[in-house]
Amino acid sequence: MSDDVKLHTRIASLEQQLANREAIIGKLLAEIKRLKHRQFGSSSERVEATLQQLGLALEAMQSAPPPVAETPPAQDTDSKVTPLRRPRALPPDLPRQVIVHAPEGHCPDCGTSLRPLGEDVSEMLHWVPGHFEVIRHVRPKLSCGQCSRVVQQPAPSRPIPRAMATPGLLAQVVISKYADHLPLYRQAAIYRRAGLELHRATLADWVGEAARLVAPLADALGRYVRAAAKVHADDTPLPVLDPGRGKTRTARLWTYVRDDRPAGCLDPPAVWYRYSPDRKGIRPQTHLAGFTGILQADGYAGYAPLYAQGVREAACWAHARRKFHEVYAVDQSPLAGEAIRRIGLLYAIERDIRGELPAVRCAVRQARASGLLDELHDWLSATLRQVSGRSSLAAAIQYSLVRWEALTRYCDDGRIEIDNNPAERSIRALVLGRKNYLFAGSDAGGEHAANLYSLINTALLNGIEPHAYLSRVFEVIADHPINRIEELLPWHLDRPASDERKSA
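Please read all numbers here as calculations on a predicted model, not as lab measurements. (Residues numbered from 1 in each chain as written. Predicted model: local features only at pLDDT ≥ 70, side-chain atom pairs only at ≥ 80, totals over all residues. Heavy atoms only, no water.)

Undergrad: Mind showing me how you'd approach a nonpolar patch on the surface here?
TA: A grouping of Ile 25, Leu 29 and Ile 32 is seen on the molecular surface, where their side chains present a nonpolar patch of about 290 Å² in accessible area. Within the secondary structure, Ile 25 sits in helix 1 (residues 3-38). (Patch = residues over 30% accessible without salt bridge, like charges linked within 9 Å, V, L, I, M, F, W, Y side chains within 5 Å. Areas by Shrake-Rupley, 256 points an atom, 1.4 Å probe, with all protein chains shown as cover. Salt bridge = Lys/Arg side-chain N within 4 Å of Asp/Glu carboxyl O. Helix = DSSP H or I, 4+ residues; strand = E, 2+ residues; numbered from the N terminus.)

The structure is reproduced here in structure tokens:
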């Protein structure tokens, strides 16, 4: 081989290496720009957020059940009850509503008129929109002068034994934390301005007990969601404190949504959240055990065993479109813009048939969307051959082509939606809350959050005011038969108590 040939070969090799490096550099620069575009908040806020973490960790850890210590076999621990923290005496200037629980005026044994013997008085703190008041329960004791029988009405039931919170106040604390995204330390400061010393530890106890109280109801909600023909699924990270390591670890909150209103179904919508300490594929498989319908979700590989067991996969066009939008946001690529335009035509059809029955939706999609999908597939395949295989645009195209069967399944089944937006909307509330309380203090805190989020957001999906709903639930759930727990689901219990003060 002559020197000139060797030189040309060497130059060609170097030029190829240079082109490869430029492609990699361009891809990295585009990725950096994309990440900057998606970044929220400034780094100056991180110091303040870090300073809040110790208090928030304490708050979340206090709502978790205490560790169970081993006890000698001879020691009886069943009768021991850990007392809940109680605040100081309620301020005397708060308005008071007195409820007298007086027995009938005659002795139940001999019929003689009863005479006063004394009374028992207990006070509970109640919240009504805008202010606190005290519910004063008075239970007179009456005695029979003939047979010495003492008669007194039993104490009214409380949602949390020995706790002074009425169902209305308990609902307010839970709603403030999980619907209004107010951490407990902020709530304590708000209550302090009203003259009440409700310590964060007390509020954390109440939240933990409330979550355990409604756990059977959250399970009933899960059974309702899994009974649907189609379920939307998604997940989001949840930082959880890891005390042994001095930092946080990443757990997950999973969402499963039953909402067939866009297909003309009258069944109530519902959202069911589950917590897991990791993102292993066994988690959704456990949550959806026994489900055999259609699962609409993103491309997470952990769902694959469910599809192998007979669950039908439906993918999400919003995820596919987002890939092209990220490319377009970085370099204004005309090809990415064309892909967005073509996908937009599919969404225009969906707007026209929203609320129609599945048969109508399927017929319209076959007539109007089927041809657009075929054209889009041909265009994506041709475009992929024209662009660099290492480019972000190629990755976006491959994302759609690899999932093409699952992406187009909605065209043949009117029950399926074009995207997974119902699940993504259900995640937004979790993201807003996570920005405020930063992390959960323990696995138990994550499970509590999942139960309470499920009830609150299902009530909102059904147009039910969540404070009124939870107040009613906390009023009756402690004495409600467990085999009729479905009666307390939001669409069955869609009104507040006739007199909220009775919730005390």
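Back to the write-up after that little detour.
Undergrad: Whenever I open this one, the side chain of His 232 confuses me. Can you help?
TA: Checked against the element boundaries, His 232 lands in strand 5 (residues 230-242). Using a relative accessible area of 0% as the deciding quantity, one classes His 232 as buried. Within the structure, His 232 has its side chain in polar contact with the side chain of Asn 420 (distance 2.9 Å). The contacts of His 232, once residues within four sequence positions are left out, are Thr 255, Tyr 256, Val 257, Gln 296, Glu 417, Asp 419, Asn 420, Pro 422 and Ala 423. (Buried < 20%, exposed > 50% of the residue type's maximum accessible area, 1.4 Å probe, protein only. Polar contact = N/O pair within 3.5 Å; in protein donor to acceptor, adjacent residues only side chain to side chain. Contact = heavy atoms within 4.5 Å.)

Undergrad: Would you take a moment to explain the sheet that holds strand 5 for this structure?
TA: Whether parallel or antiparallel, the strands of a sheet pair through hydrogen bonds between backbone atoms. On the basis of which strands lie adjacent, the open sheet formed by five strands has the order 7-6-5-8-9 and mixed pairing. With one partner strand each, in any of the chains shown, strand 7 (270-276) and strand 9 (312-314) form the two edges of the open sheet. Shown here is a sheet whose adjacent strand axes are inclined to one another by a mean of 30°, direction ignored. In this structure, strand 5 lies alongside strand 8 (residues 294-296), joined through three bridges in parallel fashion. If you follow Lys 230 over to strand 8, its bridge partner there is Ile 294. Against the sheet, helix 6 (residues 215-226) engages strand 5, strand 6 (247-258) and strand 7, with an angle of about 115° to strand 7. Packed onto the sheet, helix 15 (residues 443-461) meets strand 5, strand 6 and strand 7 and runs at close to 170° relative to strand 7. (Pairing = 2+ DSSP bridges. Axes fitted to C-alpha atoms, helices over the stretch in contact; angles between N-to-C directions.)

Undergrad: Please explain unusual backbone geometry as it appears in this structure.
TA: Note on backbone geometry: most residues besides glycine have negative phi, and most peptide bonds are trans. Positioned with a positive phi, His 181 is a non-glycine residue whose angle comes to about 65°. Along the chain, His 181 turns up in the loop between helix 3 (167-178) and helix 4 (184-193). Overall, His 181 belongs to the buried group, its relative accessible area being 12%. The phi dihedral of Gln 332 is positive, around 55°, even though this residue is not glycine. Relative to the helices and strands, Gln 332 is located in the loop between helix 9 (317-331) and helix 10 (334-353).

Undergrad: Help me understand the pairing of strand 6 in this model?
TA: Two faces, one strand: in a regular strand the side chains alternate between the faces of the sheet. In terms of strand pairing, strand 5 meets strand 6 through 11 bridges, oriented antiparallel. Bridge pairing links Asp 234 to Thr 255 in strand 6. With seven bridges connecting them, strand 6 and strand 7 associate as antiparallel partners. Within strand 7, the residue paired with Trp 254 across the bridge is Arg 274.

Undergrad: What should I look at first to understand the pattern of salt bridges in this one?
TA: Oppositely charged side chains can pair when the atoms bearing their charge come close. One pass over the full model with this rule turns up 21 salt bridges. Note that Arg 212 is salt-bridged to Glu 209, the shortest N-O span being 3.0 Å. Highlighted residues: Arg 212 and Glu 209, both in helix 5 (residues 200-213), separated by three residues, approximately one helical turn. Residue classification places Arg 212 among the partly exposed positions, given a relative accessible area of 34%. A salt bridge links Arg 279 to Asp 235; the nearest nitrogen and oxygen atoms lie 2.9 Å apart. In this pair, Arg 279 sits in the loop between strand 7 and helix 7 (282-287) while Asp 235 sits in strand 5, placing the two residues 44 residues apart along the sequence. Overall, Arg 279 belongs to the partly exposed group, its relative accessible area being 34%.

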